[in-house]
Amino acid sequence: MSAATIRDGYNFAYLDEQTKRMIRRALLKAVAIPGYQVPFGGREMPMPYGWGTGGMQVTAAVIGADDVLKVIDQGADDTTNAVSIRAFFKDLTGVETTEKTREASLIQTRHRIPEAALQEDQILVYQVPIPEPLRFIEPSEVETRKMHALEDYGVMHVKLYEDIAHFGHIATTYAYPVMVNGRYIMDPSPIPKFDNPKMHQMPALQLFGAGREKRIYAIPPYTDVKSLDFEDHPFEIQQWDESCAICGSHESFLDEVIMDDLGTRSFICSDTDFCRERGPIEESINMPVDTPIDTPIDILRETL
Amino acid sequence: MNAPKIIRGFAEPVRDSQQTFRQLLKAMSEPGSVVNLTSPDALTHLYSSTFAVCQALLDQQTPLWLSPEFNTADIRHNLHFHSGMPITDEPAKALFAIAYPGEITAMSEFSIGSCEYPETGCTLILQVNSVSSELTVSGLSAKEPSSGLSPLMSKQALTSLKLSGPGIATEKLIHISDLNDVLINYLVERPDSFPLGIDLVFVAEQSLVCIPRTTTVEVL
Ligand SMILES: [Zn+2]
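Since this is a predicted model, take the numbers as computed values, not measurements. (Residues numbered from 1 in each chain as written. Chains lettered and ligands numbered in written order. Predicted model: local features only at pLDDT ≥ 70, side-chain atom pairs only at ≥ 80, totals over all residues. Heavy atoms only, no water.)

Asker: What is the right way to read the coordination of the zinc ion from this model?
Answerer: Octahedral metals with six donors have ideal donor angles of 90 or 180 degrees. Tetrahedral metals with four donors have an ideal donor angle of 109.5 degrees. Residue and element names in this part refer to chain A. Around the zinc ion, the donor atoms from the protein are Cys244 (SG), Cys247 (SG), Cys269 (SG) and Cys275 (SG), and they sit 2.2 to 2.3 Å away. Classification of the site at the zinc ion rests on its four donor atoms, whose angles at the metal span 106 to 118°, yielding the label tetrahedral. Read in sequence order, the donor residues coordinating the zinc ion give the pattern C-x2-C-x21-C-x5-C. Of this pair, cysteine 244 sits in the loop between β10 (225-227) and β11 (254-258) while cysteine 275 sits in helix α7 (residues 272-278), and the two are 31 residues apart along the sequence. Judged by its relative accessible area of 2%, cysteine 244 falls in the buried class. (Donors = N, O, S within 2.8 Å, 3.2 Å for Na, K, Ca; no water. Tetrahedral: all angles 85-135°; square planar, octahedral: opposite > 155°, others 65-115°. Helix = DSSP H or I, 4+ residues; strand = E, 2+ residues; numbered from the N terminus. Buried < 20%, exposed > 50% of the residue type's maximum accessible area, 1.4 Å probe, protein only.)

Asker: When you look at the packing of aromatic side chains in this model, what are you seeing that I'm missing?
Answerer: One pair of aromatic rings is described through two measures. These are the centre distance and the angle between the planes. Residues and elements named next belong to chain A. For the structure on display, the rule yields 14 aromatic pairs over all chains. Between tyrosine 36 and tyrosine 184, the ring centres sit 5.6 Å apart and the planes meet at 50°, which makes this aromatic pair tilted. Here tyrosine 36 is found in the loop between α1 (17-32) and β1 (38-39), whereas its partner tyrosine 184 is found in strand β7 (residues 184-186), with 148 residues between them in sequence. Consider the rings of phenylalanine 88 and phenylalanine 89, whose centres lie 5.2 Å apart with planes at 85°: the pair is edge-to-face. Phenylalanine 88 sits in the buried class, given a relative accessible area of 11%. Judged by relative accessible area, which is 0%, phenylalanine 89 ranks as buried. Three or more aromatic residues link up through ring pairs in this structure, and these residues are Tyr10, Tyr14, Phe88 and Phe89. Looking at arginine 183, its charged tip hangs above the ring of tyrosine 184, at a distance of 4.4 Å from the centre. (Phe/Tyr/Trp six-rings, centres within 6.5 Å; stacked < 30°, edge-to-face > 60°. Lys NZ or Arg CZ within 6 Å of the ring centre and 35° of its normal.)

Asker: How should empty space enclosed by the protein be read in this particular structure?
Answerer: Gaps between atoms show up when a probe of the same size as a water molecule is rolled over them. Residues and elements named next belong to chain A. Applying the stated criterion across every chain yields a total of three cavities of 30 Å³ or more. Taken as a whole, the second largest cavity spans an internal volume of roughly 80 Å³. Looking at the second largest cavity, the residues that line it are Gly35, Tyr36, Gln37, Glu132, Glu141, Arg145, His148 and Arg215. Element by element, the count of residues in the lining of the second largest cavity is highest for helix α4 (residues 141-150), at three residues. Split by residue class, the lining of the second largest cavity holds one nonpolar, three polar and four charged. (1 Å grid on protein atoms, 1.4 Å probe; cavity = no way out; pocket = protein on both sides within 12 Å on 5 of 7 lines; lining within 4 Å. Points joined across faces, edges and corners; volume = space filled by probe spheres on them. Nonpolar A, V, L, I, M, F, W, Y, C, P; charged D, E, K, R; others polar.)

Asker: What is the right way to look at helix α2 (residues 48-57) of chain B in this model?
Answerer: Since the α-helix packs 3.6 residues into each turn, any two residues three or four apart lie on the same face. Within α2 of chain B, ten of the ten residues are buried, leaving the element largely enclosed by the surrounding structure. Within α2 of chain B, burial applies to Ser48, Ser49, Thr50, Phe51, Ala52, Val53, Cys54, Gln55, Ala56 and Leu57 of chain B.

Asker: Looking at this model, I keep getting lost on the sheet that holds β10 of chain A. Mind explaining?
Answerer: Think of a sheet as strands paired side by side through backbone hydrogen bonds, with each pair either parallel or antiparallel. Residues and elements named next belong to chain A. Taken in spatial order, the three strands make up an open sheet running β7-β6-β10, and their pairing is antiparallel. The open sheet has two edge strands with one neighbour each: β7 and β10. The average angle at which neighbouring strand axes cross in this sheet is 35°, direction not considered. (Pairing = 2+ DSSP bridges. Axes fitted to C-alpha atoms, helices over the stretch in contact; angles between N-to-C directions.)

Asker: Help me out: how do you make sense of the interface of chain A and chain B in this one?
Answerer: When the parts come together, some accessible area is lost, and that loss is often what is quoted as the size of the interface. Counting residues at the interface gives 40 residues for chain A and 41 residues for chain B. Summed over both partners, the interface of chain A with chain B comes to about 3300 Å²; 61% of that surface belongs to carbon and sulfur atoms. For chain A, the biggest contributors to the area lost against chain B are Arg25, Leu28 and Lys29 of chain A; these three give 19% of the whole. Where chain A touches chain B, the interface holds five salt bridges. The tally of links from chain A across to chain B stands at 17 residue pairs in polar contact (both at pLDDT 80 or more). At the level of elements, α1, β1, α2 (53-62), α4 and β8 (205-210) of chain A are the ones that each hand at least two residues to the side of chain A that touches chain B. Considering each element in turn, the side of chain A that touches chain B owes the most residues, twelve residues, to α1 of chain A. For the side of chain A that touches chain B, the per-class residue count stands at 23 nonpolar, five polar and twelve charged. (Contact = heavy atoms within 4.5 Å. Buried area = accessible area lost by both parts, 1.4 Å probe. Salt bridge = Lys/Arg side-chain N within 4 Å of Asp/Glu carboxyl O. Polar contact = N/O pair within 3.5 Å; in protein donor to acceptor, adjacent residues only side chain to side chain.)

Asker: I'm lost on the packing of α1 of chain A against α2 of chain B in this one. Help?
Answerer: Where α1 of chain A contacts α2 of chain B, the two axes come as close as 8 Å, and the packing angle between them is 115°. In terms of orientation, α1 of chain A and α2 of chain B fall into the roughly perpendicular class. Facing Arg21, Arg24, Arg25 and Leu28 of chain A of α1 of chain A, the residues of α2 of chain B in contact are Gln55, Ala56 and Leu57 of chain B. (Parallel < 35°, antiparallel > 145°, perpendicular 65-115°, else oblique.)

Asker: Help me understand the confidence of the model for chain A in this model?
Answerer: The predicted coordinates should not be examined in detail at positions where pLDDT is low. On average, residues of chain A score 89 in pLDDT, and 91% of them reach the 70 mark or higher. Across residues 288-304 of chain A, confidence stays below pLDDT 50; counting only partners more than four residues off in sequence or on other chains, it has 36 contacts. (pLDDT = per-residue confidence, 0-100.)

Asker: It is not clear to me how the pattern of salt bridges should be interpreted in this structure. Could you clarify?
Answerer: Two side chains that carry opposite charge are able to pair once their charged atoms sit near each other. A complete count under the given rule lists 33 salt bridges over all chains for this structure. Taking the shortest distance from any N to any O, the salt bridge between glutamate 141 of chain A and arginine 135 of chain A comes out at 2.6 Å. Between glutamate 30 of chain B and lysine 26 of chain B there is a salt bridge, and its shortest N-O distance comes to 2.9 Å. Judged by relative accessible area, lysine 26 of chain B falls into the partly exposed class, the value being 24%.

Asker: So what exactly am I meant to see when it comes to the sheet that holds strand β9 (residues 215-219) of chain A here?
Answerer: All names here are of chain A. Pairing is mixed in the open sheet, where seven strands are placed in the order β1-β9-β8-β5-β4-β2-β3. Single-partner strands in this sheet number two, and they are β1 and β3 (96-97). In this sheet, β8 lies alongside strand β5 (residues 123-127) in parallel orientation, the contact comprising five bridges. Residue pairing across strands places isoleucine 123 opposite leucine 205, the latter belonging to β8. Sheet contacts for helix α3 (residues 80-93): β2 (68-73), β3, β4 (106-110) and β5; angle to β2, the most-contacted strand, approximately 160°.

Below is the structure:
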């Protein structure tokens with residue numbers, strides 16, 4: 001291990017060993033009880049909560065010198081949040097980093113699951129702002145814990161059904177709740193529901209960290225993850241009539257962007273590595289100067 | 001009585017704890033996968049692999065129960081020196097426990113957690129002579145590296161288990177030595193309904209396999 005590349009005076013990956021052990025014990029129980037939120041304690045990361053401190057704590061407890069780390073925010077490796085977190089871990093662990101999904105052993109993400117299918121022995125770490133899927137229905141932690149304990153999830157179905165009554169369909173498009181291993185209702189973090197099916201029977205290990213509420217949860221590889229729905233209103237993912245203006249993809253999650261000063265609108269892949277790997281369909285595309293990125297608060301439960 | 005001898009722990013605790021934890025994370029999230037781990041020295045009859053698990057996971061916040069075979073002055077003294085965990089006489093209060101399978105007379109002695117806090121269920125670490133796994137690929141079976149299994153060892157000592165559930169694509173076949181009826185019944189009958197339960201870690205001399213509470217187990 002290249003200890004020389006770690007910043008002087010800091011522990012490997014920043015956290016002290018006791019905090020890492022607490023998080024590691026919580027992670028082992030989290031994988032043993034898929035979808036259940038395990039409380040954890042310990043030291044904080046040196047940044048404000050909106051920056052994905054929970055995901056960073058999980059990454060810090062898991063990462064080793066042999067890992068290859070990728071960090072994405074909204075699917076992109078080059079946003080401020082992703083760049084900062086990547087630089088932080090490079091500085092404090094010396095690990096190799098990559099933008100290529102296939103080459104990463106550890107991927108920390110905010111708001112997306114990569115388009116490329118993840119493989120066995122890869123670990124996906126999600127940054128979670130609000131871990132409790134029942135929180136917006138029931139503000140009391142004591143009550144939501146009881147509801148999970150008793151598998152008393154009627155209120156969640158009522159909320160989704162009210163959507164249908166009101167909008168004709170389930171209006172939730174981000175942080176769409178899932179049932180893990182037929183037992184726990186879980187918040188998949190504010191990923192688009194487009195990504196929900198990727199969680200089901202994923203060969204990679206999925207870990208979730210919520211910094212403010214200090215909760216860790218997990219989905220082991222090859223575990224059933226079902227998006228909640230009703231027989232007469234089955235779960236559906238977002239679809240676009242358009243295809244990516246750069247690579248021509250019809251299968252990926254697309255962001256609407258403004259392409260030029262005239263306000264011409266177009267759609268491009270939100271997963272920049274996926275788009276780059278496919279390559280441009282033609283040379284003459286004018287890349288947008290700036291892709292608008294919502295803050296976590298903007299996107300957080302925007303439909304609720 | 002001689003003062004207990006302090007043995008060496010991890011050569012590089014930060015690195016070695018992380019590597020040991022990653023092996024444990026793989027083993028617990030992929031039940032039936034055999035992983036390798038070690039520490040420089042064994043602690044009398046406590047394997048170096050078991051000692052590695054203790055160094056990686058235990059500290060002042062994790063009450064540990066030691067079975068009579070492991071509750072020796074040497075082991076207590078060294079575990080306390082390296083990890084500082086409290087040793088409890090009451091298995092029900094232990095977050096971690098170490099024993100030989102043959103010493104387990106009732107699984108009900110250990111905590112299964114509560115419905116509201118199921119993570120307080122015990123992690124029971126059992127030292128065995130061997131753990132090994134087989135991958136069954138379309139009828140063919142390919143042995144994964146096993147450990148500690150001498151060719152002379154009686155086949156009867158091994159129990160073959162078929163595992164399925166979270167972490168397992170279809171099913172996994174593993175062989176564990178020294179299991180007794182109490183453990184086999186617990187694994188097959190699953191008396192505690194999920195999410196309650198005890199997570200089992202079977203440790204051989206240099207390798208380990210986990211069977212968490214979610215795994216469905218069939219004896220072959
Ligand atoms: Zn594209």
